[in-house]
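Inside the fold
Each chain, written out:
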Amino acid sequence: MFGMAYLICNRNECYPLLGRDKEIKYFMCSMKEFLMSNCSQVLMYEGLPGYGKSQMLMEIEYLAQGEDHRTIAIALTKVSYHQSFYTIQILMANVLGLDTCKHYKERQTNLQNKIKPVLEEKFHCLLNGIFHVQFPISREVSKMNSLRKQKQLEALFMRILEQTVKEERIIFIIDEGQFVDSASWAFLEKLIQTVPIFIIMSLSPFMEPPCPAASAIMKNRNTTYVVLGAVQPKDIRNKVCLDLNVQGIPKELDLFLVEGSCGIPYYCEELLKNLDQHRVLVFQPMESEEKTNVTWHNLFKNFTKPTEELYPFALSDVERGEEVCNLASGVRLKNMSPPASLKEISLVQLDSMSLSHQMLVRCAAIIGLTFTTELLFEILPCWNMKMMINALATLVESNVFNCFRNSKELHLALKQNTASHEVNYRSLSLKPTAGTVHGEEEELRELESQVIECHIIRFCKPMMQKTAYELWLKDQKKTMHLKCARFLEENAHRCDHCRSRDFISYHHFTVDIRLNTLDMYTIQKIIRSRGFQTKEETTFLQAGLPKKTQLLSEDFSSEDIRDMILSFFDNTIAKMKMPQEDIIPLESCQCEEILEMVILPLAYHFLALGENNKALYYFLEITSAYLILGDNYMAYIYLNEGERLLKALKKEKSWSQTFESATFYSLKGQIHIEKTRHAYYVNQQVHETTPPGKKRLAQLHLQTTCFSLLWQIYNLNYFFHYKYYGQLAALMQVNTALETQDSFQIIQAYLEYSLYHQLTGHASLWFKYEIMAMEQVYNLPLKGEGIEIVAYVADRLSYNKFFMGHLDLAFDLGSRAHKIWSLLRNPHKHRQALCWLSQTLFLKDRPRQLIQVLGWLWDFSIAEEHIYSKAFFYFICLDIMLYSGFIYRPFEECLEFICQNEDNRILRFQSGILLGLYSCTALWYARLQEWDNFHNFFNRAKLLVPRRTPTALYYKGISRYMECQVLYLQKQIEEKRENAQDSGVELLKVRRNLFFPG
């Protein structure tokens, strides 16, 4: 009878409690207080089912064991709640040692021996019903009513416990505490006031207000009440690796489980079981990363590994070798149906809602996991705005949805799951409160106001979205997806700040993607066909052709030209600051939010509709957008989506399909060499009469991008025929740009052609083409796109000068680029300018100005939640420590950042930044002669060396890496190691591959 009340599982010493350090600290503090003060302590953990409360109590039971105290752990069920005094009955049976007795006679004998000192024999029969024994019923007991019997029992148990705690400390551990009956709550309330005892309890949230005794315990000054939060993403990753007994999992699987589980351990387990049942998981031996050739697919083949805290618990069989988990070929985790167990939980929650709320949730599920209130209102049948806001507020309150003011708030919330926190019910009870009904109405009104302010809504649990989506019939889904697509396509372009252009230049002219027939492009086309043209457009079209250069005149020296160029940028900045000019935009770039809230969902709506051509168009736009935002991994993921569609559409032979295929390979090349897309600033005004035509312009823009990629790739190799092809590609870029008659394309081509000649040592040509680019800039109107092109030129010239070692000029140009981007409120370009400006100041040894710029960079990284900016900041901090002789941020802080963020997808696939961070850290340890730590980071850097990319950041990282090699070689020579020669050969090999690849 009593055995059923034990905790269900046994603690596994090889399976640690993951992600609950904070919760265990609450126990340790309460335990210390209990042992030192000799006062009762109560520790209550509240958490939803699946949060791992039982496993946590098992760990606590193990930690609570000691010579001077005794733990009694029980688990209750729903039946327990309906049996009066049941919880105390089970606890006292354990205290008296009756739980292990096999027969009632043994139980009765043991009980008689225990209670004889504290209870007269004539009252022993009081225990017959509660402990299932058969003491003779006495005359005195037979005359007692039920209330008096209960009081006698309570008095007996109190005396027994008072006697017991004199010999040893008692710790009660109760799982599923929401099922404690009211009589037991009342006894526990008296107990903690009378006897020094420690009660630890886990419980799910009360469905109804708790009884007065339970409420009194929660408000007791010695009660610590903790609301459990979800497990953090790193701990979910550790759990998966431990459950699967592997050394790593794919990044895609990691993201799927972290998002799908919401940090709930049970959800993670069920998702894993579901994947395993569908044979999605493939186990294979782990390959050495050093021996893996760098190819397109394994460049992004990234296994997320568990953190170091899990290493002592590794379960891998040494004989079998270390394994990693991979995904079966062709699997798309997004399309997986949720497990039946999790679907049932969502269905129960849906059934508890009103019909109108169910309809809202189902409509929201069609849109996707994250959506806007505008789109939801568009597809809700016959709803008014007030109804929708009221329903959303109720669903936010019941944890179906979360709401956010902007995408920045959303990203911040997704980075970390809600952590556990303490609730002080004693303090809350002292606050004046209005009536319950009035208080609930007031809270709902506050939520409605919050929903009105927020236009982004997200499902709290992805399982709810998937379950609600599957409730629609096939035809109904198609109709709803069509409604969503028609609404979204009106805004499926860049933000107003970027003048509503395509992410890929002139892309929409090449493919018929519109569902709505009369769109803005059609309207603009009609207007222009009738001869209307803006002043700015006319100026740009006239500026598109190269003018005769005046800066190349022999009357000007190089110093004069330098001063004229810097003066031009200064005048531009001064003009921008004049309020009457109205140049500075009112808001910053919103392209990232449009990408996530409009274009990404639109691509999937077209997939669901079977419109593969349109879906391909938007997946290529998405890839281009992520390249602009500097997220190579997401660009790779969505380019793969595009590749699947290209293969499905390969039978179609059309010009648009050929263009999309060429765009795909262009984007693939850009991801591979980590190229920043400057096509951001391309003039895309529609003018029907201006040659070349829009389709031809799209083709030319794509060609210039391809030629730019080609000369950079060829320039990596120093053999003669590669030099020849590189020069040809650079020249073709210029010729193609001239054919576009587009100012930006021509300027960009001139600057890249100049950089090409600087890299190849042709001094006579690079200066000429820089001046030609500046001559083009002089002809532009200083408004709109003209200002953006000016900012780009200052930025690009600064980068070119930094790359070639002209640091004074790099600083002069970079400081001006930083000011213009700041005024233009373009966070991505502003960040880039700050990064290279700080690097220039570091190399020029200007510490005061450097610290000022680093302060700006740090503030920017915090304000924008930008991981790359923060990584660059710490990179410079490490450089300062290594080469400048002072400390701006402690080494420990830099090290902590690296360890916490080395798996970040943006840093992981920007190889230059991680290579630099690892190499600098290894270099620090080498100088301290801490060779074990040195090898740890040196080996990590070594894996990134083969990813050769033509960026200044990569070369900066490789120089630090080679310095590490030199120091280690020096150590081996001093110690007369046999393998010193091998290390020397490896160093020369790295140098040869860097400068003379073949």
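Each chain has its residues counted from 1, running along the sequence as written. Side-chain atom pairs in this predicted model are given and counted only at pLDDT of 80 or more, local residue features only at pLDDT of at least 70, and totals for whole chains, interfaces and linings cover all residues. Note that water and hydrogens are dropped before the side-chain values are worked out from all heavy atoms of the structure.

Identification of the protein chain as Adenylate cyclase type 10 isoform X2 from Erinaceus europaeus is taken from an unreviewed UniProt entry.

**Here we look at the overall build of the protein chain**
By the criteria applied, helices consist of DSSP H or I runs no shorter than four residues and strands consist of E runs no shorter than two, each listed in order from the N terminus. When its secondary structure is counted, the protein chain shows 45 helices and 13 strands. Counting only contacts in the protein chain whose residues sit at least 6 apart along the sequence, the fraction spanning at least 24 positions is 77%. With an accessible surface of roughly 46,500 Å², the protein chain has 52% of that area assigned to carbon and sulfur atoms. Throughout, a contact is declared for two residues whenever any of their heavy atoms are within 4.5 Å. Under the convention used here, a 1.4 Å probe and the Shrake-Rupley method define accessible areas, while residue burial counts only the protein chains that appear.

**Some words on the sheet that holds strand 13 (residues 456–459)**
Note on pairing: DSSP must find at least two bridges between two strands before they are called paired. Here 3 strands make up an open sheet; going across it, the order is 10-13-11 and the pairing antiparallel. What marks the edges here is a single partner per strand, and that holds for strand 10 (370–372) and strand 11 (401–404). Adjacent strand axes in the sheet meet at a mean angle of 30 degrees when their direction is disregarded. Where strand 11 and strand 13 come together, 4 bridges link them in antiparallel fashion. Its bridge partner being in strand 13, F401 is matched across the sheet by F459. The sheet contacts of helix 19 (residues 407–415) involve strand 10, strand 11 and strand 13, and relative to strand 13 the element is tilted by about 25 degrees. Lines are fitted to the C-alpha atoms to define the axes, a helix being fitted only along its stretch in contact, and any angle between axes, read from their N-to-C directions, falls within 0 to 180 degrees.

**Details of the environment of F842**
Relative to the elements of secondary structure, F842 occurs in helix 37 (residues 827–844). Once the C-alpha coordinates of F842 and I876 are considered, the two residues, 34 residues apart in sequence, prove to be 7.8 Å apart. With residues up to four places along the chain from it excluded, the contact list for F842 reads L850, D879, I880, Y883, S884 and R960.

**Some words on the pairing of strand 5 (residues 223–227)**
Think of it in three bands: with a 1.4 Å probe and only protein chains considered, a residue is buried below 20% of the maximum accessible area for its type, exposed above 50%, and partly exposed in between. Across the 5 residues of strand 5, 5 count as buried, placing the element largely inside the fold. Because side chains alternate across strand 5, one face comprises the buried residues T223, Y225 and V227, and the other comprises T224 and V226, equally buried. For strand 1 (residues 41–46) and strand 5, the ladder comprises 5 bridges, and the chain directions are parallel. When the sheet's bridge partners are listed, E46 is paired in strand 5 with V227. Pairing of strand 5 with strand 12 (residues 421–423), which is carried by 3 bridges, proceeds in the antiparallel orientation. Among the inter-strand pairings, V226 is bridged to a residue of strand 12, identified as E422.

**Some remarks on the pattern of salt bridges**
The term salt bridge refers to a pairing of a side-chain nitrogen on Lys or Arg with a carboxyl oxygen on Asp or Glu at a separation within 4 Å. Under the criterion given, the structure shown has 36 salt bridges. Between K956 and D879 there is a salt bridge whose closest N-O contact spans 2.2 Å. Of this pair, K956 sits in helix 44 (residues 952–974) while D879 sits in helix 39 (residues 867–884), and the two are 77 residues apart along the sequence. Each member of the pair K956 and D879 is classed as buried. As a salt-bridge pair, D879 and R960 come within 3.0 Å of each other at their nearest N and O atoms. In this pair, D879 is assigned in helix 39 and R960 in helix 44, connecting sequence segments 81 residues apart. Taken individually, D879 and R960 each receive the classification buried, so the pair is uniform in this respect. Residues joined in a network through salt bridges with shared partners are R499, R501, E785 and E788.

**Regarding helix 11 (residues 233–244)**
Over its 12 residues, helix 11 runs 17 Å from end to end, which matches the ideal 16 Å to within 8%, given 1.5 Å per residue. For helix 11, the complete set of buried residues consists of P233, D235, I236, R237, N238, K239, V240, C241, L242 and L244. The positive-phi residue at the C-terminal boundary of helix 11 is N245, with phi of around 60 degrees. Helix span, expected: 1.5 Å multiplied by one less than the number of residues in the helix.

**Focus on the confidence of the model for the protein chain**
Of all residues in the protein chain, 86% have pLDDT values of 70 or greater, and the mean over the chain is 83. Strand 1 holds the highest mean pLDDT among the elements of the protein chain, 96, whereas helix 25 (residues 535–543) holds the lowest, 45. In this model residues 315–321 is a low-confidence stretch, pLDDT under 50, and it forms 6 contacts with partners more than four residues away in sequence or in other chains. In the model, residues 525–549 has pLDDT below 50 throughout and makes 45 contacts with residues more than four positions away in sequence or in other chains. The score called pLDDT rates the predictor's confidence residue by residue, from a low of 0 to a high of 100.

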